[in-house]
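Read off the chains here:
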Amino acid sequence: MRSKKAETGQGPTSVGAFFVELIGNLTRRIESVVNEIEETTDEIEEALSEETISIEEITKARMTTIKLKRYMSPQREALDDLIEQSIPWLDESALALISEYGNRNRRILETLDATRERLTALRDFVEAERANVLNRNSYLLSVIAAIFLPLGFLTGLFGVNVAGMPGTELTSAFWYLTLGSIVAGAALYTVFKLLKWL
């Protein structure tokens, strides 16, 4: 694809100038992508307080960071090697610009490392919060089951349809059983409260 500069006759005048312009364009493009990832990470951190973030969003941003770093490391090494070697078609001004782009690539890699660490910490935090919620819910269900287990035993016992069950002759036996179940449930709840299980 032709560039606008080339079409207007303002393109690079030498191989070295073309090479420097190519490296510069790549560096600027990668910098814009890295800036977007940093902004996304900031948004994720802000969304944590509102609990509107999902683990999938964090994982996606983290994988993008890892992929970028995988391609950026060889590029930085190539630029370092290019500066160390004496290539005839690269003059001092071109080498100076390549050195500057090499430094910018190095800063990009440092930013990617820092962003990846932030995203890893955010992912661990979200996973820990989910585990805490799950543990609290499981604990609450266990306590509720512990309260209703003896009540279920009582109602099951008095629901047996065999001769000799106490209260079968009383018309108010159902209400006595209901009241006894409520009292037993309240007593169990009080005991759990005192034991700080709730």
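Our subject in this report is the structure included herewith. It should be emphasised that the depicted structure is a prediction, and the values quoted were computed from it without experimental measurement. All residue numbers here refer to positions counted from 1 along the written sequence of the relevant chain. For this predicted model, a pLDDT threshold of at least 70 governs which residues receive local features, and a threshold of 80 or more governs which side-chain atom pairs are given and counted, while totals over whole chains, interfaces and linings are taken from all residues. Think of the side-chain values as coming from all heavy atoms in the structure, minus any hydrogens and water.

**Some points on the overall build of the protein chain**
In step 1: Within the protein chain, the secondary structure is distributed over five helices and zero strands.
In step 2: Where helices and strands are cited, they refer to DSSP runs of H or I of at least four residues and of E of at least two residues respectively, numbered from the N terminus. The order of helices and strands in the protein chain, counted from the N terminus, is α-α-α-α-α.
In step 3: Between buried and exposed lies partly exposed: a residue is buried under 20% and exposed over 50% of the maximum accessible area for its type, with that area taken using a 1.4 Å probe on protein chains only. Across the 198 residues in the protein chain, those meeting the buried criterion constitute 23%.
In step 4: Any pair of residues with heavy atoms lying within 4.5 Å of one another is described as a contacting pair. By sequence separation, contacts in the protein chain at least 24 residues apart represent 80% of the contacts at least 6 residues apart.
In step 5: Accessible surface is estimated by sampling points in the Shrake-Rupley manner with a 1.4 Å probe; for residues, cover comes only from the protein chains shown. Taken as a whole, the protein chain presents about 14100 Å² of accessible surface, with 59% of it coming from carbon and sulfur.

**Quick word on a nonpolar patch on the surface**
In step 1: Together, Leu-140, Leu-141, Ile-144 and Phe-148 make up a nonpolar patch on the protein surface, roughly 410 Å² of accessible area in all.
In step 2: Following the sequence through the fold, Phe-148 ends up in helix 4 (residues 92–158). Excluding any residue in a salt bridge, patches collect residues exceeding 30% relative accessible area, merging like charges within 9 Å and nonpolar Val, Leu, Ile, Met, Phe, Trp and Tyr side chains within 5 Å. Should a side-chain nitrogen of Lys or Arg be within 4 Å of a carboxyl oxygen of Asp or Glu, the pair is scored as a salt bridge.

**Section: the pattern of salt bridges**
In step 1: One pass over the structure, following the stated rule, counts eight salt bridges.
In step 2: Asp-113 is paired through a salt bridge with Lys-69; the nearest N and O atoms lie 3.7 Å apart. Residue Asp-113 is located in helix 4, and its partner Lys-69 is located in helix 3 (residues 55–84); the two are separated by 44 residues in the primary sequence.
In step 3: Where Asp-80 meets Arg-106, a salt bridge forms, and the shortest distance between an N and an O atom there is 3.1 Å. Of this pair, Asp-80 sits in helix 3 while Arg-106 sits in helix 4; the two residues are 26 residues apart in sequence, bridging distant segments of the chain.
In step 4: Because the salt bridges share partners, they merge into one network encompassing Glu-31, Glu-100 and Arg-104.

**Here's the deal with the nonpolar core**
In step 1: The definition of a nonpolar core used throughout is a set of buried Ala, Val, Leu, Ile, Met, Phe, Trp, Tyr and Cys residues joined through side-chain atoms within 4.5 Å. Counting residues in each nonpolar core, the largest one holds 10 residues, listed as Ile-44, Ala-47, Leu-48, Ile-53, Ile-55, Ile-58, Ala-61, Leu-119, Leu-122 and Val-126.
In step 2: Counting only elements with at least two residues in this core, the list comes to helix 2 (15–48), helix 3 and helix 4.
In step 3: Apart from residues no more than four positions distant in its own chain, Ile-55 is found in contact with Arg-123, Val-126, Glu-127 and Arg-130.

**Some points on the environment of Leu-112**
In step 1: For Leu-112, the position within the fold is in helix 4.
In step 2: According to the relative accessible area criterion, Leu-112 is buried, its value standing at 1%.
In step 3: Sequence separation between Leu-112 and Arg-62 is 50 residues, and the spatial gap between their C-alpha atoms is 9.5 Å.
In step 4: When residues no more than four places from it in sequence are discounted, the contact partners of Leu-112 are Val-34, Thr-65, Leu-68, Lys-69 and Met-72.

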